[in-house]
Each structure stands twice: as structure tokens, then as C-alpha cells.
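# Observations on the model geometry
Here is how the chains run, residue by residue.
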Amino acid sequence: MDQKAAILQKALELGYVRAGVASADDFPEYFQDVTSRPDYEFLMHDKRQIVQNTHLQERYPGAKSIISVVYSYSGIHYPEKLLPYIGRAYLGRCYGPPVTNINGARLQLLKDYIKSLGIRIYEEAVLPDRSVGRRAGTITYGRNNFAYAGRYGSFIILSSIVTDADLAPDKPIRFNGCPEGCRLCLDACPTQAIAEPFHLHPQRCVGFNNWFRQDEKGVSPVIPEEIRPAIGMHFHGCDICQEVCPRNKAALEDMKVHGRKDPLLEMIAEKFDPEKLLFLDDDYYRETVQPIMFNYIHDYRYFRRNAALVMGNSGDPKYLPALHRAEKTEEDEMVREMIAWAIGRLDAAAPQISA
């Protein structure tokens, strides 16, 4: 068995559902798209330097091939209590996982195997995974900007491994696979973040506002007031554009009917409480938040901000005592502002609720 076949087989053995090889050429189309759009300017300051890494040959001389692997998180029966609040990718604990997580360990095991073949891996080379996957023939695109992998739909996570191995590239996929004229994802997006097919306006995306709005260069931590009501109860991620997609019908049915229950998620579902998130402490973070939301937010104040947001959007006056209590004790200005907004929203809804 040659090196390529051995690597792709090892990927499947470790639980990936697809694996392929792409050439380690530059990604000029991605670079042009991102740098020509003001709404993506923040990516130029991203610590992972994804945009800069698209000049692959300049930054990583000697790179010859990229291994693209696809992991599916569509085999789980996700608790109904958690789905309104948290996206499945986070509940699946496979998005940017540490090596101490089973999904992070899976990727590390694959890298270790590749290294055992005498192949160099460029660990620091973080790339646009969807562009890599399309070049490697492992995924297609969707109009909602997600990657798709056949019957697994868009409930997948991609990883890219840059190597110095001269592996034969697989055939790229050029088509997108969406039904002709379909715009269900565009129409369903609550914040109208999908401006047009294959064109996302990130600052309006629910997920972006949940976790990317932190004190980073080029991004304000304040969620724009005009889109707060549309974010609804989404505390950490949103699956709406995936749920309405006809390409995901089979995967969604499989999860609901045939998916296995995850004991950890079932336990977290019993403990999940927006009020406790508003007063987030170390114990509750370790028990309920960190196991599924380890990848983006590490500063508690952003979780508290998001908790106030969903409480304000709940329409439920039961949260008012907690919000008033938090208003008196919260020291962070950003969080206090969101608490005040939530109180005002619930106060405004009170006559309708009591009617």
C-alpha cells in the first residue's frame, strides 16, 4: 500500500467519513474574495492567519500536498432542550477540539500516523478548510455557505493537514449540489446574514454575534441592537439555515430517529439554565459550559452577555428578578448594557404576556 492509500485508510479507521488529497497550491480565489470585502476585514487580524496562509508556497516552502478529512457529527440524538440554544457542531464537541477531547485526539492520532511515515506536517498552517475540501474532492458547497458531504449533509467538520509528501491529488469538485433555484436558507435566516447564494455577511450571522464579538481588533464586542431580537434564543450558534435545507433532510431524520443518545449531553440538558449562565461561576462553567463550548469563548463575560440576550428574547417575565439582581452586581459595562436591554424588552412585552 502506498503512502496516500495508507493515510486515507487510517483516516477512515479513526472515524472520519471522507478523506482526500489536495495540491498545496495557493488559494488566490479565497484571498481575493476575503480581501475585496470590507465585512471580512476582521479576518486580516485573526491570530490563525488563515488569509495570509492562502499564499501557501510563500509561507511554507516545501509544502506539496494537503490532506482533507471530514468528520460527521450527525449520529447523535441531540436533546431537544439544548437545540434552541446551542448549535449541533458545539454539542457534538468536534469544532476546534483540544487534544484532551476525543475528537481532538482523533486528529492528533492521524497526524502522528502521518509523521510515522517520515512525512513532515506544517502544524502552524491553518487554511480555509472548505476551499481545501473542495479541491480535494471531499465536499461540495451549499448556498448557505456550509460544506456538504453526501448523506451526512452539512453536519460535518473539516480538517486540513499540510504536508511535504508528494501525494497524488484527488479530483476537485466544482458543482455545489443545491436544488436549482432553492433559496430556503436565505429566506429562513433570522438576521438575513446570507445576502445572496454563497455570500455571507458575517456581522449579521447569529454565530458571529454569539462568539466572535469579543475584544479583538476589527470587531466590536457589542451586539448591534437592531439584530438582537432576531437572534432569539440562540446562545451559542444557530442551525436554522441547515435545518431548512433539503440536502439535510436525511441527516436530520437519522439524528432524530436513529441517533444515539449522548449521556454527557443528556446530563448537561438537565442542568442548562440561562439564569445560571447570567451569574456564571467556575463550577457551572466546568460542569455545563466548558464541555461543549470550549472552542471560542474563554472570558465569562461574553457568556453572561449572551445569557442576558436570550433572557430578553424569551418573552418570559420569570427572568426579570434575576436580571434586576444582575444589574445591581454586574461590573462589566458591556454586560450591564445587555442586561438593561433585556429588562426593557421584557418590560415592554409584559402587557401582552398578562393579557
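Heads up: the structure comes first, above all this text.
In this report, we go over the structure that sits alongside the text. The structure displayed is predicted, hence computed values, not measured ones.

### Some points on the sheet that holds strand S6 (residues 156–163)
The strands making up a sheet associate through backbone hydrogen bonding, with each pair oriented either parallel or antiparallel. What the three strands build is an open sheet, ordered S1-S2-S6; its pairing is antiparallel. Looking at which strands have only one partner, the edges of the open sheet turn out to be strand S1 (18–23) and S6. Strand-to-strand, the axes of this sheet are offset by a mean angle of 20°, without reference to chain direction. Examined bridge by bridge, strand S2 (residues 65–72) and S6 share eight bridges and lie antiparallel to one another. Bridge pairing in S6 places isoleucine 67 opposite isoleucine 161. Each of S1 and S2 is contacted by helix H1 (residues 3–13), which is oriented at about 140° to S1, the strand it contacts most. Lying over the sheet, helix H6 (residues 102–116) contacts S2 and S6, oriented at roughly 25° with respect to S6.

### What to know about the packing of H1 against H6
The geometry of H1 relative to H6 is characterised by a closest axis approach of 10 Å and an angle of 160° between their N-to-C directions. As the angle between them shows, H1 and H6 are arranged roughly antiparallel. When you trace H1 past H6, the crossing you get is right-handed. In this structure, H1 contributes Ala6, Ile7, Lys10 and Ala11 to the contact, and H6 contributes Leu110, Tyr113 and Ile114. Looking at the contact of H1 with H6 residue by residue, the classes come out as six nonpolar, no polar and one charged.

### Here we look at the environment of isoleucine 76
Within the fold, isoleucine 76 resides in strand S3 (residues 76–77). Judged by its relative accessible area of 6%, isoleucine 76 is buried. A C-alpha to C-alpha distance of 7.7 Å links isoleucine 76 and glycine 92, two positions 16 residues apart in sequence. Aside from chain neighbours lying at most four places away, what touches isoleucine 76 is Gly92, Met255, Gly259, Arg260, Asp262 and Leu265.

### Overview of the side chain of asparagine 306
Examined against the element boundaries, asparagine 306 turns out to sit in helix H16 (residues 300–314). Residue classification places asparagine 306 among the buried positions, given a relative accessible area of 0%. Within the local environment of asparagine 306, its side chain forms a polar contact with the side chain of arginine 305, the two groups lying 3.0 Å apart. Each residue touching asparagine 306, except ones within four places of it in the same chain, is listed here: Asn209, Asn210, Ile223, Phe235 and Ile297.

The rules behind the values
- Residues numbered from 1 in each chain as written.
- Predicted model: local features only at pLDDT ≥ 70, side-chain atom pairs only at ≥ 80, totals over all residues.
- Heavy atoms only, no water.
- Pairing = 2+ DSSP bridges.
- Helix = DSSP H or I, 4+ residues; strand = E, 2+ residues; numbered from the N terminus.
- Axes fitted to C-alpha atoms, helices over the stretch in contact; angles between N-to-C directions.
- Contact = heavy atoms within 4.5 Å.
- Parallel < 35°, antiparallel > 145°, perpendicular 65-115°, else oblique.
- Left-handed = near helix turned anticlockwise from the far one by under 90°.
- Nonpolar A, V, L, I, M, F, W, Y, C, P; charged D, E, K, R; others polar.
- Buried < 20%, exposed > 50% of the residue type's maximum accessible area, 1.4 Å probe, protein only.
- Polar contact = N/O pair within 3.5 Å; in protein donor to acceptor, adjacent residues only side chain to side chain.

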